[in-house]
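Reading the structure
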2 protein chains.
Amino acid sequence: MTRAADRSKRPLRTSVWLDGRPPAGDAPRGDAPRGKAPEGRAPEGRAPAPTPGGARRPDQPTGLDLHRIVTETVALLDTDGLASFSMRKLAGRLGVTAMSVYWYVDTKDDLLELALDEVFAELPPNTEGEPIEASPDWWARLRALAHGYRAVLVRHPWVTTLIGNYLNVGPRSKAFSLAVQRVIRDTGLPPERRMGAIGATFQFVYGFGTIEGHFKQRCATAGMTQDEYYTEAIGSIRQSPEMAGYLESADEILAARGEGTVEELRERDFEVALDILIAGIEATTARG
Amino acid sequence: MTRAADRSKRPLRTSVWLDGRPPAGDAPRGDAPRGKAPEGRAPEGRAPAPTPGGARRPDQPTGLDLHRIVTETVALLDTDGLASFSMRKLAGRLGVTAMSVYWYVDTKDDLLELALDEVFAELPPNTEGEPIEASPDWWARLRALAHGYRAVLVRHPWVTTLIGNYLNVGPRSKAFSLAVQRVIRDTGLPPERRMGAIGATFQFVYGFGTIEGHFKQRCATAGMTQDEYYTEAIGSIRQSPEMAGYLESADEILAARGEGTVEELRERDFEVALDILIAGIEATTARG
DNA sequence: ACCTGAACACCGTTCAAGT
DNA sequence: ACCTGAACACCGTTCAAGT
């Protein structure tokens, strides 16, 4: 019998988080290996209170841990990608049977959702020592949040794929959302336009980070630098007859972007886009 | 022996399109069932010229077709989603064995890439009777392109997932890219800022369409309307103790958006975002 | 409370064989 | 030229059982 409380009576599960799961100790330290919360449905079915106080029991055979599982999941996703991630592979890395993991997690999807939120801890509002709230200029804070978000997406290319599938509402992604809402409020935009502004800015970053992250990963698995891959790809396109006329138009833009590595060019494009967004918010605020 | 020309000598395959595949007759009509091109590598290995002229041979046992395969793939992806799509299921729908499909297609990934480009035919520059080029105002055309792109992403939620994984360069997505480049050129932005502007606009639409499409799909599989699902989800969040303070801040924005269904609200947000982007492009142009 | 092993119902893809 | 069937090496997950 697994811990899978009552999977049958769960017709509409939108997220691990909306089903009574505790925020995993609020910090990803190696605390109590407590598995999942009793689903908060019927307190009568509760077990004898597992390890009161939440202290780590040292006499455990495998030393398995929700936190250890999530951490290893993130590591595996980073190196091998989402497509090749499997419960069996993960279990192998953890030195246990595939089914051991299922004691701590209901499904693979739930585990991925946990990994997703874990990674949001790297974002500006959560990182220590960087009080971006300190800056009085909203545009400086907006830029900081955008750069932080982008960095996460690029570091973990699987994140964008997952965000689309689980509309994430874990504790850490929540913190980020709140920081975003505060910045947008400080722009002076009237409330009815704030949602649109949030979308324009962070959906852009999401899209940008998606392309960038997947490109980076592709280069890595091909064993090439980004510049090598880029020139190789351009070469391929140039040889294919159907693609004539495409580069003809694109070349103009590419040439105008001037000197620099692929990464430098992309950096500039990102800044330009942020300039446009900030200018647009300013213009729309003044107008309203 | 399958048609898989020389899969072993293909270490860096970025795309079906960059490997000599013909544009499938340029239009997805039921033309010659020709499978894949001979990979354009060594013309000596060519078969006796398959059905000269490209006319459809009526004596075929199953009537299988690259076009029929791609069309059915799109249909299946639309109804069941990317996660549950399988070659075996597809074959079943087509009334053939799983392996029959592999005569026309090298891998599942290649097939998905073909489906991806197929769907770009629904976009403005390809659709007939809508000469968006006619409008002299760049912002009107930009809005049209943005709306068209968004519509595709919402109609086919699997598209955003795939675009991230295969940086798509099929003939139809190429047509869309060209239309985008033309609009941005007409904004009067200096060339070195155009790439940033393209990103700001269409990465935003990509992100927006991703969330919207997946949300719609989620509602559909749950058998609820978008409004039902929305209020249900809000209710779940409100009950969870960790989420207090989240809605507190979000409520302000939600309330300010005023009356309307979820879809109407989203529509307004999208327009506001486009307003911001267009205003930003204008401001940046004037400034430069 | 935590972990295992065997089993089920799936995958994508290869290969040899049919017509 | 086109299609099949069996087989291989995988999946996620259930279930009954161990300690």
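Residues numbered from 1 in each chain as written. Chains lettered and ligands numbered in written order. Predicted model: local features only at pLDDT ≥ 70, side-chain atom pairs only at ≥ 80, totals over all residues. Heavy atoms only, no water.

Some points on the overall build of chain A
On a plain count of helices and strands, chain A comes out with 11 helices and zero strands. The helix and strand sequence of chain A, counted from the amino end, reads α-α-α-α-α-α-α-α-α-α-α. Residues counted as buried form 49% of the 288 residues belonging to chain A. Residue pairs at least 24 apart in sequence account for 71% of intrachain contacts in chain A once pairs closer than 6 positions are excluded. Summed over its atoms, the accessible surface of chain A is roughly 13200 Å², and 54% of this surface lies on carbon and sulfur atoms. (Helix = DSSP H or I, 4+ residues; strand = E, 2+ residues; numbered from the N terminus. Buried < 20%, exposed > 50% of the residue type's maximum accessible area, 1.4 Å probe, protein only. Contact = heavy atoms within 4.5 Å. Areas by Shrake-Rupley, 256 points an atom, 1.4 Å probe, with all protein chains shown as cover.)

What to know about the packing of helix α7 (residues 171–186) of chain B against helix α8 (residues 191–222) of chain B
Residues and elements named next belong to chain B. At a minimum axis distance of 10 Å, the contact between α7 and α8 shows a crossing angle of 115 degrees. The chirality of how α7 crosses α8 is right-handed. Two secondary-structure elements touch here, α7 through Phe-176, Val-180, Gln-181, Ile-184 and Arg-185 and α8 through Arg-194, Ala-197, Ile-198 and Phe-202. Among the residues making up the contact of α7 with α8, the classes are represented as six nonpolar, one polar and two charged. (Axes fitted to C-alpha atoms, helices over the stretch in contact; angles between N-to-C directions. Left-handed = near helix turned anticlockwise from the far one by under 90°. Nonpolar A, V, L, I, M, F, W, Y, C, P; charged D, E, K, R; others polar.)

Regarding the relation of the copies chain A and chain B
Once turned by 180 degrees and shifted 0.0 Å along the axis, chain A lies on chain B with an RMSD of 0.0 Å. What the rotation and shift describe, once combined, is the action of a two-fold rotation axis. Taken as a fraction of all interface residues of chain A, those also at the interface in chain B reach 100%, which identifies the copy contact as same-surface. (Least-squares fit on C-alpha atoms with pLDDT ≥ 70 in both.)

A short note on the packing of helix α7 (residues 171–186) of chain A against helix α8 (residues 194–222) of chain A
Helix-helix packing is characterised by the crossing angle of the two axes and by the distance between the axes. Residues and elements named next belong to chain A. Packing of α7 against α8 brings their axes to within 10 Å, and their N-to-C directions diverge by 115 degrees. Handedness of the α7/α8 crossing: right-handed. On the side of α7, the interface is formed by Phe-176, Val-180, Gln-181, Ile-184 and Arg-185, while α8 contributes Arg-194, Ala-197, Ile-198 and Phe-202. Of the residues belonging to the contact of α7 with α8, the class tally is six nonpolar, one polar and two charged.

Observations regarding the pattern of salt bridges
Residues and elements named next belong to chain B. What the rule picks out here adds up to 20 salt bridges over all chains. Its salt-bridge partner being Glu-72, residue Arg-93 comes within 3.0 Å of it at the nearest N-O pair. Pair noted here: Arg-93 is in helix α2 (residues 87–94) and Glu-72 is in helix α1 (residues 66–80), with a separation of 21 residues, a long-range link. The salt bridge partner of Arg-172 is Glu-118, with a shortest N-O separation of 3.5 Å. Here Arg-172, found in helix α7, pairs with Glu-118, found in helix α4 (residues 108–119); they are 54 residues apart in sequence, far enough to count as distant. (Salt bridge = Lys/Arg side-chain N within 4 Å of Asp/Glu carboxyl O.)

Some thoughts on a negative patch on the surface
Residue and element names in this part refer to chain A. A cluster of acidic side chains, namely Asp-227, Glu-228, Glu-232, Glu-263 and Glu-264, defines a negative patch on the protein surface. Where the negative patch is concerned, the elements lending two or more residues are α9 (226–239) and α11 (262–287). Examining the composition of the negative patch, we find that three residues originate from one element, α9, more than from any other. Tracing the chain through its elements places Glu-263 in helix α11. (Patch = residues over 30% accessible without salt bridge, like charges linked within 9 Å, V, L, I, M, F, W, Y side chains within 5 Å. Lys, Arg positive; Asp, Glu negative; His and termini not counted. Charge placed at Lys NZ, Arg CZ, Asp CG, Glu CD.)

Side note on the environment of Arg-143 of chain B
Assignment of secondary structure puts Arg-143 of chain B in helix α5 (residues 138–155). Contact partners of Arg-143 of chain B, with chain neighbours within four places excluded, come to Glu-271, Leu-274, Asp-275 and Ile-278 of chain B.

Some details on the packing of aromatic side chains
What characterises a pair of aromatic rings is the spacing of the ring centres plus the angle enclosed by the ring planes. All names here are of chain A. The tally for this structure, following the rule as stated, stands at 20 aromatic pairs over all chains. Taking 5.6 Å as the distance between ring centres and 80 degrees as the angle between the ring planes, the aromatic pair formed by Trp-138 and Trp-139 counts as edge-to-face. Classification of Trp-138 by relative accessible area gives buried; the value is 8%. Between Phe-204 and Phe-270 the ring centres are 5.6 Å apart and the planes differ by 25 degrees, which places this aromatic pair in the stacked class. Note that Phe-204 is positioned in helix α8 and Phe-270 in helix α11, a separation of 66 residues in sequence. You can call Phe-204 buried: its relative accessible area is 0%. Put simply, the rings of Phe-120, Tyr-149, Phe-176 and Phe-202 pair up and form one aromatic cluster. Against the face of Phe-270 rests Arg-150, its NZ or CZ located 4.4 Å from the ring centre. (Phe/Tyr/Trp six-rings, centres within 6.5 Å; stacked < 30°, edge-to-face > 60°. Lys NZ or Arg CZ within 6 Å of the ring centre and 35° of its normal.)

Considerations on the UniProt feature "domain: HTH tetR-type" (unreviewed entry) in chain A
When the UniProt feature table is mapped onto this chain, "domain: HTH tetR-type" (unreviewed entry) is found at residues 63–123 of chain A. End C-alpha atoms of residues 63–123 of chain A are separated by 29 Å, and the span's content is 69% helix alongside 0% strand. (UniProt positions renumbered as here; feature names shortened; annotations may be inferred.)

Some details on the UniProt feature "DNA-binding region" (unreviewed entry) in chain A
Mapped onto this numbering, the UniProt entry annotates "DNA-binding region" (unreviewed entry) at residues 86–105 of chain A. Structurally, residues 86–105 of chain A comprises 75% helix and 0% strand, and the distance from its first C-alpha atom to its last is 14 Å.

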